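Observations on the model geometry
So the chains spell out like this:
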Amino acid sequence: KVPASILCWRADWQKDIDAGFQDLEVAFPNVAFDFYPPLVDAERPLKISADYPQEGRPWLVGWSAGNLLSNPVKPSPVEKILGKGPGTLEHMATQDALGRGVWADGRWKVVLARDLKASNSGETALEAGGTYALVVTVWSGAAQDRGSRKSPSAMGKVVLEAVS
């Protein structure tokens, strides 16, 4: 099977970039929680990573382990993923895709960009004049999408034309 190169724009990552890291106190402003001793005098809300004390970071296990989803500092709201079949998604080692989403008039408008050449093993390299399969998938809570359930489009094609 040929792996699928996936660009996944994430609204939550976009908000982290635009407004600062959205920690649990943003989602649950009235929650009571324990604290880690390094955070006793930290100003709330915490703006990771600038305000988070170095000695407190090992307690953020996912971040300390290098988990991309746990990293509070997102260089881009777009994640590059490789898929080889159902249940086989994995983060690509090089995360160099760009994008931006804007909410206006009750709709998201999203632009995604990446280099034509592949920067990861298994990633699809693109060339001018090439034809490629394309599926757009949207996750919408309003459409009852839950967990990994999404709403995919029909398969289409993209033809890349050289610009002179």
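The structure this text deals with has already been given above.
Treat the numbers as computed from the prediction; the structure is a model and nothing was measured.

Concerning unusual backbone geometry
Within the chain, Asp-105 stands out as a residue other than glycine whose phi angle is a positive 55°. Here Asp-105 shows up in the loop between strand 4 (98-104) and strand 5 (107-113). The phi torsion at Gln-144 lies on the positive side, around 70°, for a residue other than glycine. Within the fold, Gln-144 resides in the loop between strand 7 (137-138) and strand 8 (151-152).

Re the environment of Ile-81
Relative to the helices and strands, Ile-81 is located in strand 2 (residues 78-83). Taking the C-alpha atoms as reference points, Ile-81 and Ala-93, separated by 12 residues in sequence, lie 9.1 Å from one another. Residues contacting Ile-81, with those up to four places away along its chain left out, are Ala-4, Ser-5, Ile-6, Cys-8, Arg-10, Leu-89, Glu-90 and Met-92.

As for the sheet that holds strand 3 (residues 90-91)
Within a beta sheet, neighbouring strands are joined by backbone hydrogen bonds and run either parallel or antiparallel to one another. Taking strand neighbours across the sheet as the criterion, the three strands line up as 1-2-3 in an open arrangement whose pairing is antiparallel. The open sheet has two edge strands, strand 1 (4-9) and strand 3, and neither has a second partner. Where strand 2 lies against strand 3, two bridges are found, and the strand directions are antiparallel. Across the sheet, Ile-81 pairs through a bridge with His-91, a residue of strand 3.

Here we look at the pattern of salt bridges
Scanning the entire structure with this criterion turns up six salt bridges. A salt bridge links Asp-16 to Lys-74; the nearest nitrogen and oxygen atoms lie 3.9 Å apart. Taken as a pair, Asp-16 in helix 1 (residues 11-19) and Lys-74 in the loop between helix 3 (61-64) and strand 2 lie far apart in primary sequence, 58 residues in all. Taken as a pair, Asp-16 and Lys-74 share a single burial class, namely buried. Glu-123 is the partner of Arg-114 in a salt bridge, and the nearest nitrogen-oxygen pair spans 3.6 Å. Among the residues examined, Glu-123 registers a relative accessible area of 8% and is labelled buried.

Looking at the side chain of Asn-120
Note that Asn-120 resides in the loop between strand 5 and strand 6 (131-134). Here Thr-94 takes part through its backbone nitrogen, which lies 2.7 Å from a polar atom of the side chain of Asn-120. At 3.4 Å, the side chain of Asn-120 forms a polar contact with the side chain of Ser-119. For Asn-120, the contacting residues outside a window of four places in its chain are Lys-80, Met-92, Ala-93 and Thr-94.

Rules used throughout
- Residues numbered from 1 in each chain as written.
- Predicted model: local features only at pLDDT ≥ 70, side-chain atom pairs only at ≥ 80, totals over all residues.
- Heavy atoms only, no water.
- Helix = DSSP H or I, 4+ residues; strand = E, 2+ residues; numbered from the N terminus.
- Contact = heavy atoms within 4.5 Å.
- Pairing = 2+ DSSP bridges.
- Salt bridge = Lys/Arg side-chain N within 4 Å of Asp/Glu carboxyl O.
- Buried < 20%, exposed > 50% of the residue type's maximum accessible area, 1.4 Å probe, protein only.
- Polar contact = N/O pair within 3.5 Å; in protein donor to acceptor, adjacent residues only side chain to side chain.

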